Amino acid sequence: MGTGTTVGAVSTHEELQSIDAVDLASTVFEFAPHFVPINKQFYQNPKVHQIVADGRHFLLGTKETFDVITLEPPPPHDAGVINLYTEEFYALAKQKMRPGGVLAQWVPLDFNRGILPKMILKAMMGQFRHVSLWLPSRMEGVAIASDEPLNIDPRELAMRIFAWPSNWTRTIPTSTSWTAS
């Protein structure tokens, strides 16, 4: 969960009824007030359920299913973290997704990792029919995976990006898409 930026952004969508924010460390939730305004004070939103647990174990133990699963695990060089970058994990996430569901995951792209991003995408492609990599910067990406094609209107996307407040970065991300055959 880190600073809570993603869960904060997600919590601004009024149509969402429930958001499970899961992190292994309770201190992440305790420090959230230090990252206002970027996290939109998600911790005060009654729709957001703060859950202290290992994300993988949470998915294994819940009977809930989700429209969106988003995760930003640390880079996969620490013990246990690598489990969040495997085809087995993506199979588990897929089991917990509703039809038409989407998985979004941060992907480190720095040069020290070499082939790692390709391995992550290959693992995703082993479970999902449609995988795309969005590149907001040269050092990181966001992989989007689903069994349904994403219908993204480039004009609508550009309009939304350029409608952002003037103090935000306005870099239009590039995307590369793959379809598993």
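Just so we're clear, the structure is a prediction, and the values are computed from it rather than from any experiment.

What am I meant to see in helix α4 (residues 87-95) here?
Owing to its 3.6 residues per turn, the α-helix aligns residues three or four sequence positions apart on the same side. Every buried residue of α4 is listed here: Phe 89, Tyr 90, Leu 92 and Ala 93. Buried residues in α4, looked at end-on, bunch into an arc of 155 degrees, giving them a common side. The exposed set on the far side of α4, more than 90 degrees from its buried face, consists of Glu 88 and Gln 95. Of the surrounding elements, those touching the buried residues of α4 are α3 (55-61), β3 (66-71), β4 (97-108) and α5 (116-125).

In this structure, what is going on with the nonpolar core? I would like to understand it.
Inside soluble globular proteins, nonpolar side chains tend to come together where they are buried. Formed by 28 residues in total, the largest nonpolar core has its most connected members in Leu 59, Ile 69, Tyr 90 and Leu 103. Secondary-structure elements contributing two or more residues to this core are α3, β3, α4, β4, α5, β5 (130-135) and β6 (140-146). By residue number, the principal contributor to this core is α5, which donates five residues. In this structure, Tyr 90 is in contact with Leu 84, Tyr 85, Leu 103, Gln 105, Ile 120, Ala 123, Met 124, Gln 127 and Phe 128, ignoring residues within four places of it in sequence. Of all hydrophobic cores here, the second largest spans seven residues; its members include Val 7, Ile 19, Ala 21 and Val 48.

What should I look at first to understand unusual backbone geometry in this one?
Comment: phi is negative for the bulk of residues other than glycine, and the bulk of peptide bonds are trans. A cis amide bond links Val 36 with the next residue in sequence, Pro 37, at an omega value of 15 degrees. Mapped onto the elements, Pro 37 comes out in the loop between α2 (26-30) and β2 (48-52). Positive phi, normally seen in glycine, also occurs at Lys 40, with a value near 55 degrees. Given the relative accessible area of 40%, Lys 40 is considered partly exposed. Phi is positive for Gln 41, which is not a glycine, with a value near 50 degrees. Turning to its location among the elements, Gln 41 is positioned in the loop between α2 and β2.

Is there a simple way to explain the environment of Pro 99 in this structure?
The residue Pro 99 is located in strand β4 in this model. Expressed as a C-alpha distance, the spacing of Pro 99 and Ser 146, which sit 47 residues apart in the sequence, is 9.2 Å.

The rules behind each value
- Residues numbered from 1 in each chain as written.
- Predicted model: local features only at pLDDT ≥ 70, side-chain atom pairs only at ≥ 80, totals over all residues.
- Heavy atoms only, no water.
- Buried < 20%, exposed > 50% of the residue type's maximum accessible area, 1.4 Å probe, protein only.
- Helix = DSSP H or I, 4+ residues; strand = E, 2+ residues; numbered from the N terminus.
- Arc of directions from axis to C-beta.
- Contact = heavy atoms within 4.5 Å.
- Core = buried A, V, L, I, M, F, W, Y, C linked by side-chain atoms within 4.5 Å.

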